[in-house]
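Analysis of the macromolecular model
The residues making up each chain are set out below.
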Amino acid sequence: MWKRPQEFEQNRVPKKRGKMNNDTPNIVFNPLISCIQKVVLYETRARLYLVGSNNRETRFRLLTIDRLAHNRLSIEENANEFNSLEIRRFVASLTGSPKVTSAYGVLGFVRFLEGYYLLLVTKRKCCAHIGRHLVYTIKDTVMVRVNEVTSQRPPHPHEDRYKRMFQNIDLRSNFYFSYSYDLTRTLQYNESAPRFVGAKVDLDRDEPLPDWNTLTNNVAKAHERVDYAFRSDSRKRFVWNAYLLQPMEGIMLKDWLLEVTHGFVSQSCISIFGRHVNVCLVARRSSRFAGTRFLKRGANFQGDVANEVETEQIVSDGQRMCAFTQMRGSIPSHWSQDISKMVPKPQIQLDICDPYAQTPSLHFERLLFHYGAPLIMLNLVKKRERRKHESIISKELEYSIRYLNQFLPPPYRMKHIHFDMARQSRLSGGNVMEQLAIHAESIVQMTGMFFKAAGSEPGLQTGIVRTNCVDCLDRTNSAQFAIGKCALGHQLERLGFVKSAKLEFDSDCVTMLENLYEEHGDTLALQYGGSQLVHRIKTYRKTAPWGSQGSDVMQTLSRYYSNTFSDTEKQHSINLFLGIYKPSLTKQGQPIWELQTDYDMHNAFVPSTDSKPLTDWVRHKVRECLPHSCADSNKLVKELFRVHSSGLEMIDAYSNYHQSFKWTDLSEHIAFEISQLALRYMPTFRTNYSPFQRQIQNSRKARQNPSMTGQSSTGSMNSNSSSSSEGDDSSSDEELSASFAEKEANQTELTEPAAATLASGLPSMEEIYGCTISAPSKQSMAVYKKYVQMGKLSSGGARPAQTAVAQRDQELAKIMRGITLRPLSDYGTDSYLSVRPPVVPRQSLVIYAEYCRTRSTFNAVPKLEEFDVLYQYVQKL
């Protein structure tokens, strides 16, 4: 019997059984599928009619909006459900010719100074699937005026400006939604069993649901399946249109509320000897303390940090799923940079002294609540500098962790890993990714990962790694890739595809993951910093080509221009979109562009009325759940009820995924599109088809930087750059990039092995078949060339349009010299002008006539005299 090696056993991630609240496979919890997946807007002068339908367009709902209500929103919901015939009659009863707009969901309503606007999703594209849940990205929206202008007075002069500012948020870029899956929650949370039901629940005082493991469920048989349907309670931190949906909170049917997340979602595929394994990367950007690079630094008084993004890596083979979650975010202290002077690196300064770490405690307590323990801080800022810059906030983070750890039990204390990434990159021969791999292995061992498969023991992730540098862009993305690479190895090991969790660079599997994290980093850098990544994974691997220096300069200039000239307008748009700033007609309400700062909007200080001491910074409910996540162990849902059939449309994920009720082109199905991505990472010529072994990929061309080619931010796969605002200890960005390039030029080129060909790996044709293919002789080639010329002349291909008859005959005679053509048969005098019909004998006509009458007597028994004719016919065969 095969025995696992000892060193493999030591590197294996320990299985962590947790509080899934349900270890009984007979009890199944199904998320509700939205019954509003298509919307049609009918515009009349007096009213707006929103007709929503399910995916099959068999059930319809109706919302009526009064357009004559001045500066207020009046929504009337029809409680009845209509069928297709009833809704057609209703539409036919509308007077006039209403304007019709087709959409796929309602984003919400917004009001500036005069009247409301309705936002609809008019175009969508399926970009990923998590299990049988489809994930869509918004491709186009429309903004419709709700309240009609009834008075003759001119509109407010600021109305159009606010509207343009609101539309600066490009909803067509990196906004995602799903009709059946809660994108604001992790896979581990979504797969947990509900413990509380209701809109407003106090975890400390309210009574939870009974233990699902001991519940009988009133079934006739012991192992009878029981299905429950639930409506998830989204995490509002990651819902970017929560403010727009506030006017619709009174609607009874919650399927009208389409919640949208912002960040990055992409899915790719790797073929493991013909079996496709999907790897999905989901990044959720927080809407709290959101903004641009230099305008949002550190944290606010509520513990919300700038550039906070939760990244989840989901691996699935169709039946089993494995997920690993990590996050990034600015250092949770009150610090900023002075941007009044136009310098590439504004000086870092601490705004408020926080001796008792109250702001970091709020941030870390929230992480303990949602992810459990341990919290691992991977700090990538510089340690030693000639002039103090990054080390200022690094020391503040170290002090906060050391102070707060005093009041935590030793097993659950926070871990701090300080890795000076810029310094390690400057060391001669120092490969940063190899050193990060050592830290990544220990991190994955401590946190574990989520795993779920039918018939297998589930695994849970307890704790999370939080990566930060100064901007949380370039260095952070490379470090997250190193952690994700280590996690992917353990995920594939848990799924049974590899025996060792160590994955080789330049293998198909790691190349696929590297491309995903490059897209992930480019997208998040554009959203926060105004440009794509400058320091890339290849930069820290010392494999970036020399030609990438030009794109480095362009990215540095693009980021500098965006931070200097366009970030303020972008910050105004974000504040307006999220409802942080609300326009007002009062005298106290200044226009947003006249405000000197938005500090008071994001840092509303509310004195605490809680009498508990500052040392008790972790709630009792969170403390008693450690090391497990308190949120996962006490899952909250809005609705929960039992269903008596798993085939109901409201929970039928199979039909919602495959859409068997309509014709679908195979190339348009998301599963087929993702499976084709596996071919992208396979070289054309290879003898080893394992996706886990290093391949020589000289002929593969890397994708160009999208900023140089005009592509979107999410289209970048291998754009190589090596210059950033995150430079060395005392040098500038360009000096750091130049040092990388100099080291690369000084390195000796390794001798590459000969390319593998079919001749080297397979026996020759002569050995197998006894013959071989050789080049034709000159005589044969001359005959073939004459044959080709003759064909061109006969078809008119090589003959000029106007050639004399004598010249044509002369050319034909020259070509036909030495070639004798003999007809194979004589067709008489027939031509295309006239054909002489053949003479059919009378006996043949009689036989044909009898054949035409055989239909009525086809099954009749033949006569005896006919057997002789049949026998003679068979003998001739």
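Before reading further, recall that the structure is shown in the block above.
Residues numbered from 1 in each chain as written. Predicted model: local features only at pLDDT ≥ 70, side-chain atom pairs only at ≥ 80, totals over all residues. Heavy atoms only, no water.

Quick notes on the pairing of strand S4 (residues 60-66)
Of all seven residues making up S4, six are buried, and the element is well covered by its neighbours. Note: strand S3 (residues 47-53) against S4, seven bridges, orientation antiparallel. Its bridge partner being in S4, Gly52 is matched across the sheet by Arg61. Between S3 and S4, which pair antiparallel in sequence order, lie six residues; one of them, Glu57, sits at a positive phi of approximately 60 degrees. Of the pairings in the sheet, the one linking S4 to strand S5 (residues 75-82) comprises five bridges and is antiparallel in character. Paired with Leu63 across the two strands is Glu77, which belongs to S5. (Buried < 20%, exposed > 50% of the residue type's maximum accessible area, 1.4 Å probe, protein only. Helix = DSSP H or I, 4+ residues; strand = E, 2+ residues; numbered from the N terminus. Pairing = 2+ DSSP bridges.)

Quick notes on a nonpolar patch on the surface
Together, Met765, Ile768, Tyr769 and Ile773 make up a nonpolar patch on the protein surface, roughly 490 Å² of accessible area in all. Mapped onto the elements, Tyr769 comes out in helix H21 (residues 765-769). (Patch = residues over 30% accessible without salt bridge, like charges linked within 9 Å, V, L, I, M, F, W, Y side chains within 5 Å. Areas by Shrake-Rupley, 256 points an atom, 1.4 Å probe, with all protein chains shown as cover. Salt bridge = Lys/Arg side-chain N within 4 Å of Asp/Glu carboxyl O.)

Here we look at the environment of Glu259
Assignment of secondary structure puts Glu259 in the loop between strand S12 (226-232) and strand S13 (261-272). Overall, Glu259 belongs to the partly exposed group, its relative accessible area being 27%. A C-alpha to C-alpha distance of 9.7 Å links Glu259 and Leu244, two positions 15 residues apart in sequence. Discounting residues that sit within four places of it in the chain, Glu259 has contacts with Tyr176, Phe177, Ser234, Lys236, Val239, Asn241 and Leu245. A distance of 2.8 Å separates the side chain of Glu259 from the side chain of Ser234, its partner in a polar contact. (Contact = heavy atoms within 4.5 Å. Polar contact = N/O pair within 3.5 Å; in protein donor to acceptor, adjacent residues only side chain to side chain.)

Brief notes about the sheet that holds S3
Paired through their backbone hydrogen bonds, the strands of a sheet run either parallel or antiparallel. The sheet built from five strands is open, its strands ordered S5-S4-S3-S2-S6 with antiparallel pairing. A single partner strand is all that each edge strand has here, and the edge strands are S5 and strand S6 (99-103). Adjacent strand axes in the sheet meet at a mean angle of 20 degrees, parallel and antiparallel pairs treated alike. One ladder, built from six bridges, connects strand S2 (residues 38-43) with S3; its direction is antiparallel. Its bridge partner lying in S3, Lys38 is registered against Ser53. Contacts between helix H2 (residues 84-92) and the sheet are confined to S2, S3, S4 and S5, with S5 contributing the most and set at about 140 degrees to the helix. (Axes fitted to C-alpha atoms, helices over the stretch in contact; angles between N-to-C directions.)

Describing the sheet that holds strand S11 (residues 194-197)
Read from one edge to the other, the open sheet built from four strands follows the order S1-S12-S23-S11, with strand pairing classed as mixed. Only two strands of the sheet have a single neighbouring strand rather than two, namely strand S1 (27-31) and S11. With strand direction ignored, the average angle separating the axes of adjacent strands in the sheet is 50 degrees. Pairing between S1 and S12: five bridges, direction parallel. When the bridges of S12 are listed, Val28 appears paired with Asp227.

Side note on the environment of Lys38
Relative to the elements of secondary structure, Lys38 occurs in strand S2. Separated by 3.1 Å, the side chains of Lys38 and Glu57 make a polar contact.

Observations regarding the pattern of salt bridges
Within the structure shown, the criterion is met by 33 salt bridges. Between Lys236 and Glu259 there is a salt bridge, with the nearest N and O atoms lying 3.9 Å from each other. A residue pair is termed long-range when its members are at least 10 positions apart, and Lys236 in the loop between S12 and S13 and Glu259 in the loop between S12 and S13 qualify at 23 residues. Given the relative accessible area of 35%, Lys236 is considered partly exposed. Across the salt bridge formed by Glu365 and Arg619, the nearest N and O atoms sit 2.8 Å from each other. You can see Glu365 sitting in helix H5 (residues 358-371) and its partner Arg619 sitting in the loop between helix H13 (599-602) and helix H14 (620-625), a full 254 residues away along the chain. The exposure class of Glu365 is buried, given its relative accessible area of 11%. Assessed through its relative accessible area of 35%, Arg619 is described here as partly exposed. Residues joined by salt bridges that share partners form a network here, namely Arg59, Arg61, Glu81 and Glu649.

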